[in-house]
Amino acid sequence: MEQEQVEGSAFTVLPEGSITTPRGFKAAGVHCGLKKAERHDIGAIVCEVPAAAAGVYTTNVFQAAPIKVTRESVAAGSGLRAVIVNSGNANACTGKQGEDDAYAMRNEFAAAIGVAAEQVAVASTGVIGELLKMDKVRQGIAALPGRLAASYEASDDFCQAILTTDLVKKEVCVAVDIDGKTVHIAGASKGSGMIHPNMATMLGFVTTDAAVDHDALQQALRQITNLTFNMITVDGDTSTNDMLIAMASGLAGNSQLTQEHPDWPAFVAGLRYVCEVLAKAIARDGEGATKLVEVQVRGAVSDEAAQAIAKTVIGSSLVKSAMFGADANWGRVIAAVGRSGQPVNPETVDIRLGTIATLEQSRPVAFDEEEALAYLKGDTVVIGVDLHMGEGAATAWGCDLTYDYVRINAAYRT
């Protein structure tokens, strides 16, 4: 398998790796009829042993039924053996029946693979406010066990099964040396619209064969989420179904990882890379998007202030529209910085589009409009903001706002 060493990193990227690369994991995806098109719409990840599990969930007040079920399974403490996911229907705002259906998904898939019900997590994504067609879900549950495999093809089937308006699957895998053992960390996610995480407007699944303490894994996942999935936006909307689940089989043979383990920083670096790649892939695949937009804020009074400013800029509809039009209108950027609610010195701000300086010390800089136009027409745009006030820094990711975004969401349900 070809490998790619990320410069200065403690891990190696495995381009052909998948969520089934970590030892002990299998996956599957099938079409059961929840989507109108003949596309996979129900999938599962299964671990051959109880996996240490951690989870981060949406902060939306209207939390979908699967969130409640998964919270209970992760909190049970007996380890997760599986997660079952459907697309095409969010099972959100569906009342008691929706809750019963989520539990039925958990219980029936647990029975199908021969594990305890509390060892199964459930996730759903799709249209809000419609009851699941449980006859079709049951058909999918019956078909999944026979398709489970530890192969790239099975992982691909799972990745396809969780997509909604996504145009591409999102998957990444790395290898890390821990105690002289090769530890794998892999991830798959979906997300394209309703993206403005506070934990995250998306579904994400991380598998690893590391032996890792549950509390340490939970803390690392939460901290990394704040630097990755919680730093992306497409449209400013936070979903009812957001969920990020990590499962650790412990089959790599390393001594148990905690914050005190000498290789803990290497594990965290690998986990952060996996989450950042997935987060950026979601931003790049935003509904109707033509380009990835990255906002780098430096010189803020704190990292927290930099995060807030970066997300304000990346979430600005005016900034996003200017990026779509390849318009070097730095005024949109400075206006967003100024309304972020964070400390800003109006006399010391620099703004760059890529390497092109447009503002220095809050004063316009003459630049080549044609050069800026050519840069902004690319598929990745970096907006740099330096406040010259402190050491705080953060990066946020998003996309441009296009005509297609309106077209897609004007008829999302129909």
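Definitions and cut-offs
Residue indices begin from 1 for each chain and proceed along its sequence in written order. In keeping with the predicted nature of the model, local features appear solely for residues at pLDDT of at least 70, side-chain atom pairs appear and are counted solely at 80 or more, and the whole-chain, interface and lining totals rest on all residues. Values shown for side chains rest on all heavy atoms present in the structure; no hydrogens or waters enter the calculation. Helix numbering and strand numbering both begin at the N terminus, where a helix is a DSSP run of H or I of at least 4 residues and a strand a DSSP run of E of at least 2. In this treatment the radius of gyration is a C-alpha quantity, and the globule benchmark scales as 2.2 Å times the residue count to the 0.38 power. Note on exposure labels: buried denotes an accessible area under 20% of the residue type's maximum, exposed denotes more than 50%, and partly exposed covers the range between, all computed with a 1.4 Å probe on protein chains only. The criterion used for residue contact is that any of the two residues' heavy atoms lie within 4.5 Å. Note on areas: these come from Shrake-Rupley sampling with a 1.4 Å probe, and a residue is covered only by the protein chains present in the view. Whenever two N or O atoms come within 3.5 Å, that pair is a polar contact, provided that in protein one can donate a hydrogen and the other can accept it, and provided that, for residues adjacent in sequence, both atoms are side-chain atoms. Two strands pair under a simple rule: DSSP has to find at least two bridges between them. For helices, the fitted axis covers only the stretch in contact; all axes are lines through C-alpha atoms, and the angles between them, taken along N-to-C directions, range from 0 to 180 degrees. Any Phe, Tyr or Trp ring, taking Trp's six-membered ring, that has another such ring centre within 6.5 Å forms a pair; planes under 30 degrees apart are called stacked, those over 60 apart edge-to-face, and the others tilted. In these notes the angle categories are as follows: under 35 degrees is roughly parallel, over 145 is roughly antiparallel, 65 to 115 is roughly perpendicular, and the rest is oblique. The sense of a crossing depends on the near helix, which, turned anticlockwise from the far helix by less than a right angle, makes the crossing left-handed and, turned clockwise, makes it right-handed. Residue polarity is assigned by list, with Asp, Glu, Lys and Arg as charged and Ala, Val, Leu, Ile, Met, Phe, Trp, Tyr, Cys and Pro as nonpolar; anything else, Gly included, falls into the polar class.

1. A word on the overall build of the chain
- Tallying secondary structure elements over the chain gives eleven helices and 16 strands in all.
- Against the compact-globule benchmark of 22 Å for 414 residues, the chain has a radius of gyration of 22 Å, which places it among compact chains.
- Judged by the C-alpha coordinates and their principal axes, the chain covers about 70 × 55 × 40 Å.
- Counting across all 414 residues of the chain, residues that qualify as buried make up 54%.
- Intrachain contacts of the chain at a sequence separation of at least 6 include 79% that bridge at least 24 residues.
- Of the roughly 16200 Å² of accessible surface on the chain, a fraction of 49% belongs to carbon and sulfur atoms.

2. Focus: the environment of Ser362
- If you trace the backbone, Ser362 turns up in the loop between strand S13 (356-360) and strand S14 (363-364).
- Relative accessible area serves as the criterion here: at 16%, Ser362 is assigned to the buried category.
- Taking C-alpha positions, Ser362 is 8.7 Å from Ile334, a pair spaced 28 residues apart along the chain.
- Beyond its immediate stretch of four places on either side in the chain, Ser362 contacts Asn345, Pro346, Glu347, Thr348 and Val349.
- Separated by 3.2 Å, the side chain of Ser362 and the backbone nitrogen of Thr348 make a polar contact.

3. Some remarks on the sheet that holds S14
- In space, the six strands of this open sheet follow the order S14-S13-S12-S15-S11-S16, with mixed pairing throughout. The sheet is open, and its two edges are formed by S14 and strand S16 (392-399), each paired on a single side.
- Pairing geometry for S13 and S14, over two bridges, is antiparallel. Within the sheet, the bridge partner assigned to Leu359 lies in S14 and is Pro364.
- Helix H10 (residues 369-376) rests against strand S12 (350-353), S13 and strand S15 (380-386) of the sheet, and its axis sits at about 120 degrees to S15.

4. Examining the packing of aromatic side chains
- According to the stated counting rule, one finds four aromatic pairs in the structure shown.
- Ring geometry for Phe158 and Phe205: centres 5.6 Å apart, planes at 80 degrees, overall edge-to-face. One end of the pair, Phe158, is in helix H4 (residues 152-161); the other, Phe205, is in strand S9 (residues 203-208), and 47 residues separate them in sequence. Each member of the pair, Phe158 together with Phe205, is buried.

5. Some remarks on the pairing of S16
- The buried fraction of S16 is high, at seven of eight residues.
- Pairing analysis gives seven bridges linking strand S11 (residues 292-300) to S16, with the strands arranged antiparallel. Bridge pairing links Leu292 to Cys399 in S16.

6. Focus: the packing of helix H2 (residues 95-113) against helix H3 (residues 134-143)
- Put simply, H2 and H3 touch, their axes get as near as 10 Å, and they point 20 degrees apart. Here H3 runs roughly parallel to H2, going by the angle between their axes. When you trace H2 past H3, the crossing you get is right-handed. Packed against H2, whose contacting residues are Asp101, Ala104, Met105, Glu108, Phe109 and Ala112, the element H3 presents Met134, Val137, Arg138 and Ile141 at the interface.
- Tallied by class, residues from the contact of H2 with H3 come to seven nonpolar, no polar and three charged.

7. Things to note about the pairing of strand S4 (residues 42-57)
- Judged by how many residues are buried, S4 sits mostly within the fold: twelve of 16 residues are covered.
- Two strands pair when backbone bridges link them, and strand S3 (residues 25-30) and S4 are joined in this way by six bridges, in the antiparallel orientation. Counted as the bridge partner of Ala27 is Ile45 from S4.
- Pairing between S4 and strand S5 (residues 80-89): six bridges, direction antiparallel. The partner of Gly43 across the bridge, within S5, is Val85.
- The pairing of S4 with strand S10 (residues 243-248) spans six bridges and is classified as antiparallel.

8. Examining the packing of helix H5 (residues 214-227) against helix H6 (residues 264-284)
- Viewed as axis vectors pointing N to C, H5 and H6 meet at an angle of 45 degrees, and their least axial separation amounts to 10 Å. Regarding the angle of H5 to H6, the classification is oblique. Considering only the axes of H5 and H6, their crossing is right-handed. Contacts between H5 and H6 involve Ala216, Leu217, Ala220, Ile224 and Leu227 from the former and Trp264, Phe267, Val268, Leu271, Arg272 and Cys275 from the latter.
- Considering only residue class, the contact of H5 with H6 consists of ten nonpolar, no polar and one charged.

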